[in-house]
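Topology and contacts: notes
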Amino acid sequence: MAGPRPLSFFWEWGKNIICVGRNYADHVREMGSTVLREPVLFLKPSTAYAPEGSPVLKPSYCRVLHHELELGVLMGRRARAVPEAAAMDYVAGYALCLDMTARDVQDDCKKKGLPWTLAKSFTSSCPVSAFVPKEKIPDPHALRLWLKVNGELRQEGETSSMIFSIPYIISYVSKIITLEEGDLILTGSPKGVGPVKENDEMEAGIDGVVRMRFKVEKSEY
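Remember, predicted model here, so these are calculated numbers, not experimental data.

With respect to burial, strand β6 (residues 69-75) is a largely interior element, 7 of its 7 residues being buried. Side chains L69, L71, V73 and M75 project from β6 onto one buried face, and the interleaved E70, G72 and L74 project onto a second face that is buried too. Across 3 bridges, the pairing between β6 and strand β13 (residues 184-186) is antiparallel. Considered in β13, the bridge of G72 is made with L186.

Counting residues in hydrophobic clusters, the biggest one holds 48 residues, and the most contacted among them are I170 and M202. Broken down by secondary-structure element, the contributors of at least two residues to this core are β1 (17-21), β6, β7 (91-98), α3 (103-112), β11 (144-149), α5 (166-174), β15 (201-206) and β16 (210-218). Ranked by residue count, the leading element in this core is α5, at 5 residues. Each residue touching M202, except ones within four places of it in the same chain, is listed here: V56, H67, L98, M100, K148, V149, V196, M212, R213, F214 and V216. One finds F10, W13, A48 and L186 within the second-largest nonpolar core, a separate group that totals 18 residues.

With that settled, consider the packing of aromatic side chains. Evaluation of the coordinates by the stated rule reveals 6 aromatic pairs. Aromatic side chains F164 and Y168 sit 5.5 Å apart centroid to centroid with 20 degrees between the ring planes, which places their arrangement in the stacked category. Exposure remark for F164: the relative accessible area of 9% places this residue in the buried category. The interplanar angle of 15 degrees and the centroid separation of 6.1 Å between the aromatic rings of Y168 and Y172 together place this pair among those described as stacked. One end of the pair, Y168, and the other, Y172, are both in helix α5, 4 residues apart, so they sit about a helical turn from each other.

All right, on to unusual backbone geometry then. The residue N150 is not glycine, and still its phi comes out positive at about 50 degrees. Looking at the secondary structure, you find N150 in the loop between β11 and β12 (152-158). Its identity is not glycine, yet N199 carries a phi of approximately 80 degrees, on the positive side. One can find N199 in the loop between β14 (194-196) and β15.

To continue, consider the pairing of β16. As paired elements, strand β4 (residues 56-58) and β16 share 3 bridges and run parallel to each other. Paired with V56 across the strands is V216, a residue of β16. Here β15 runs beside β16; their pairing, made up of 6 bridges, is antiparallel. Along β16, the bridge assignment pairs E203 with R213.

Here we take up the side chain of S125. Positionally, S125 belongs in the loop between α4 (117-120) and β9 (126-128). Judged by relative accessible area, S125 falls into the buried class, the value being 0%. A polar contact is formed between the side chain of S125 and the backbone oxygen of K120, at a distance of 3.0 Å. Discounting residues that sit within four places of it in the chain, S125 has contacts with K44, A48, L98, D99, M100 and K120.

Those residues of α3 lying buried are R103, D104, V105, Q106 and C109. Along its buried surface, α3 packs onto β5 (65-67), β8 (101-102) and α4. Directly after α3, the chain includes G113, whose backbone phi takes a positive value near 70 degrees.

What counts and what doesn't
Note that residues are indexed from 1 along each chain, following the sequence as it is written. Owing to the predicted nature of the model, reporting of local features is limited to residues with pLDDT of at least 70; listing and counting of side-chain atom pairs is limited to 80 or more, with chain, interface and lining totals taken over all residues. Excluding hydrogens and water, the side-chain figures rest on all heavy atoms present in the structure. Under the scheme applied here, a residue whose accessible area is under 20% of the maximum for its type counts as buried, over 50% as exposed, and between as partly exposed, the area being computed with a 1.4 Å probe on protein chains only. In this text, helices come from DSSP runs of H or I with a minimum length of four residues, and strands from runs of E with a minimum of two, each type numbered from the N-terminal end. Pairing between strands is defined by DSSP: at least two bridges between the two strands are required. Residues belong to a common nonpolar core when they are buried Ala, Val, Leu, Ile, Met, Phe, Trp, Tyr or Cys residues joined through side-chain atoms within 4.5 Å. The criterion used for residue contact is that any of the two residues' heavy atoms lie within 4.5 Å. The rule is short: rings of Phe, Tyr and Trp, with Trp giving its six-membered ring, pair when the centres are within 6.5 Å, and they are stacked under 30 degrees, edge-to-face over 60, tilted in between. Here a polar contact is taken to be a pair of N or O atoms separated by no more than 3.5 Å, where protein atoms must pair a possible hydrogen donor with a possible acceptor and residues adjacent in sequence count only if both atoms sit in side chains.

Scope: geometric values only; no functional claims are made or implied.
Structure below.
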């Protein structure tokens with residue numbers, strides 16, 4: 001009989017990556033979008049995971065690849081239609097994540113009214129840090145996230161600026177998609193998203209908690 005699956009390697013067995021868009025007002029403004037009354041959701045496949053030590057692959061069909069820095073929430077058990085007041089009981093921990101986005105492709109999809117799959121779901125489009133146990137982050141709404149590209153600060157933000165709180169997101173998502181142990185929810189990106197190119201090095205962190213590094217490489221596909 002198989003033993004318990006370690007959350008320290010969630011990217012090896014976690015099934016679902018659920019992403020929340022437009023969750024920081026300053027990012028909504030920089031993208032020329034509108035703040036909505038409900039979260040914008042999209043999905044990434046588990047093959048989008050890129051743990052630290054592996055490269056971020058720029059798809060061959062992408063001309064403009066952007067970084068989007070996000071706090072990821074790891075689910076510790078199955079959750080279906082969870083009340084907001086109980087939502088944090090289902091959280092096992094956190095990870096710093098990047099929602100790598102083929103921006104030119106996404107812009108084209110938006111113009112045509114098409115889903116964002118080509119822009120958001122390619123292989124290695126979800127780089128992740130080491131797993132951070134829930135106990136190490138007493139308040140996930142009191143964190144500073146930052147990202148540098150080739151040593152230059154590009155993105156920074158406070159999770160206190162989220163439009164939709166983590167308990168609200170978990171409750172909302174679990175009424176639509178049954179969440180399972182090891183599932184990851186990306187909670188949105190603060191302002192400062194921008195382009196990276198082949199051979200760029202990205203370093204990101206949560207102050208006092210975790211850091212990660214990734215290099216951008218060109219995909220042959």
